[in-house]
Amino acid sequence: MRLNRRHFMSTVAAASIAPRFALAADTLKIVATTGMIADTARRIGGAHVEVQALMGPGVDPHAYRQTRTDITAMTRADLVLWHGLYLEAQMEEFLIKLDRRRTSVPVAAAMPSGVLISHADYEGRFDPHVWMVPNLWTHVAREITRVLSAAKTDAADAFTQNLASFEEELNALQTYGETALSTVPKQARVLLTAHDAFGYFGRAFGYEVIGIQGISTESEAGLNRISTLVDMLVERKIGAAFVESSVSDRNIRALIEGAAAQDHTVTIGGELFSDAMGADGTYEATYIGMIDHNITTIARALGGTVPERGMNGKLAAGS
């Protein structure tokens, strides 16, 4: 899907509008589009916020459309926090218009442009999957802190303190990723996934990333693409591919079957959380747990050495 510059500039303009807040009496009522944003808002907001996430486990944000219930929740909230960078492609027009009535902030739009990855298929747009790298997610956490502090100035100090604690965890997670992923043999550092969600991850940790689909799951993977990838798997003797919790595994299965037809075995290295977090109430349903799971799963499947239950010993058994 070709995106025009006019549409892009309208998004930038919307992002630059000064916040207009409708304050709740005691706590800020926040609606967040993704689980990653919702969890971060809860970590920073603490007891001063009530956060509802629109998209739960296994939900694909690229294709998600707002429901009537979503619209009601967003129009009644004090703040609506969304990702931006065209992640919520089907909702973007609504979210921009919503800012006329409620403060609606694309929190990833505050990312420094120099750290973003552009994509040839999307003119004037960037890869939205910045949450894959803890050091990058720090920018989003700081923007959420700014927005919350402007909305509830009496709690600004608490938000700042919570951010500092969260950043310590993000730094520890970044270090864990660098350490764990470096134990994988260099020739095995190839990450084959259902769609191209791990570009920032690959750049940060030194992995070649191959997505069957593009940066949006709305793009199609044609037969020629799959056939080409099968030949590559066989030629390079790549033995593992990864499915994603929010994307159909049919293309990965097609690759495995194609490789088997050429007498090459490809196994599923595990399920990764790409665009959505884990089941509600689990460690993997937190931002830290989501990324800990991905790092641990990838490193283990590709021959690295990692703790059995991840950085904090909290991953579900068998993760």
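See the structure printed just above.
This is a predicted model, so every value here is computed, not measured.

The rules we used
Residues numbered from 1 in each chain as written. Predicted model: local features only at pLDDT ≥ 70, side-chain atom pairs only at ≥ 80, totals over all residues. Heavy atoms only, no water. Core = buried A, V, L, I, M, F, W, Y, C linked by side-chain atoms within 4.5 Å. Buried < 20%, exposed > 50% of the residue type's maximum accessible area, 1.4 Å probe, protein only. Contact = heavy atoms within 4.5 Å. Phe/Tyr/Trp six-rings, centres within 6.5 Å; stacked < 30°, edge-to-face > 60°. Helix = DSSP H or I, 4+ residues; strand = E, 2+ residues; numbered from the N terminus. Pairing = 2+ DSSP bridges. Axes fitted to C-alpha atoms, helices over the stretch in contact; angles between N-to-C directions. 1 Å grid on protein atoms, 1.4 Å probe; cavity = no way out; pocket = protein on both sides within 12 Å on 5 of 7 lines; lining within 4 Å. Points joined across faces, edges and corners; volume = space filled by probe spheres on them. Nonpolar A, V, L, I, M, F, W, Y, C, P; charged D, E, K, R; others polar.

Enquirer: Describe the nonpolar core, and please don't skip the residues or the numbers.
Expert: Buried together is how nonpolar side chains tend to be arranged in soluble globular proteins. Counting residues in hydrophobic clusters, the biggest one holds 64 residues, and the most contacted among them are Trp137, Tyr287 and Ile298. Trp137 has contacts with Met36, Ile37, Thr40, His83, Val130, Trp131, Phe166, Leu170 and Tyr287, leaving out every residue within four places of it along the chain. Counting residues in hydrophobic clusters, the runner-up holds 19 residues, among them Val190, Ile226, Leu233 and Val266.

Enquirer: Describe the packing of aromatic side chains, and please don't skip the residues or the numbers.
Expert: For the structure shown, the criterion picks out five aromatic pairs. Relative to Tyr287, the ring of Trp137 has its centre 5.4 Å away and its plane inclined at 15 degrees; by these criteria the two rings are stacked. Here Trp137, found in helix H5 (residues 134–151), pairs with Tyr287, found in helix H10 (residues 287–301); they are 150 residues apart in sequence, far enough to count as distant. Judged on exposure class, the residue Trp137 and its partner Tyr287 are both buried. Ring geometry for Phe166 against Tyr287: centres 6.5 Å apart, planes inclined by 70 degrees, an arrangement best described as edge-to-face. Note that Phe166 is positioned in helix H6 (residues 156–181) and Tyr287 in helix H10, a separation of 121 residues in sequence. Residue classification places Tyr287 among the buried positions, given a relative accessible area of 0%.

Enquirer: Lay out the sheet that holds strand S4 (residues 103–106) with the relevant residues and their values.
Expert: In space, the four strands of this open sheet follow the order S2-S1-S3-S4, with parallel pairing throughout. Of all the strands in the sheet, the pair left with one neighbour each is strand S2 (49–53) and S4. With strand direction ignored, the average angle separating the axes of adjacent strands in the sheet is 20 degrees. With five bridges joining them, strand S1 (residues 28–32) and S2 adopt parallel strand pairing.

Enquirer: So what about the layout of surface pockets? Which residues, and what values?
Expert: Where empty space is left can be seen by rolling a probe of water-molecule size over the atoms. Size it by volume and the second largest pocket reaches roughly 180 Å³. Residue lining of the second largest pocket: 16 residues in total, with Gly35, Met55, Gly56, Met277 and Asp280 positioned closest to the centre. Here the element with the most residues in the lining of the second largest pocket is helix H2 (residues 35–45); it accounts for three residues. Looking at the lining of the second largest pocket, its residues break down into eight nonpolar, five polar and three charged.

Enquirer: How would you explain the environment of Gly270 if you had to name every residue and give the values?
Expert: Note that Gly270 resides in strand S8 (residues 267–272). What makes Gly270 buried here is its relative accessible area of 17%. For the pair formed by Gly270 and Asn294, sequence separation is 24 residues and the distance between their alpha carbons is 9.0 Å. In contact with Gly270, other than residues within four places in its own chain, are Ala241, Phe242, Val243 and Thr297.

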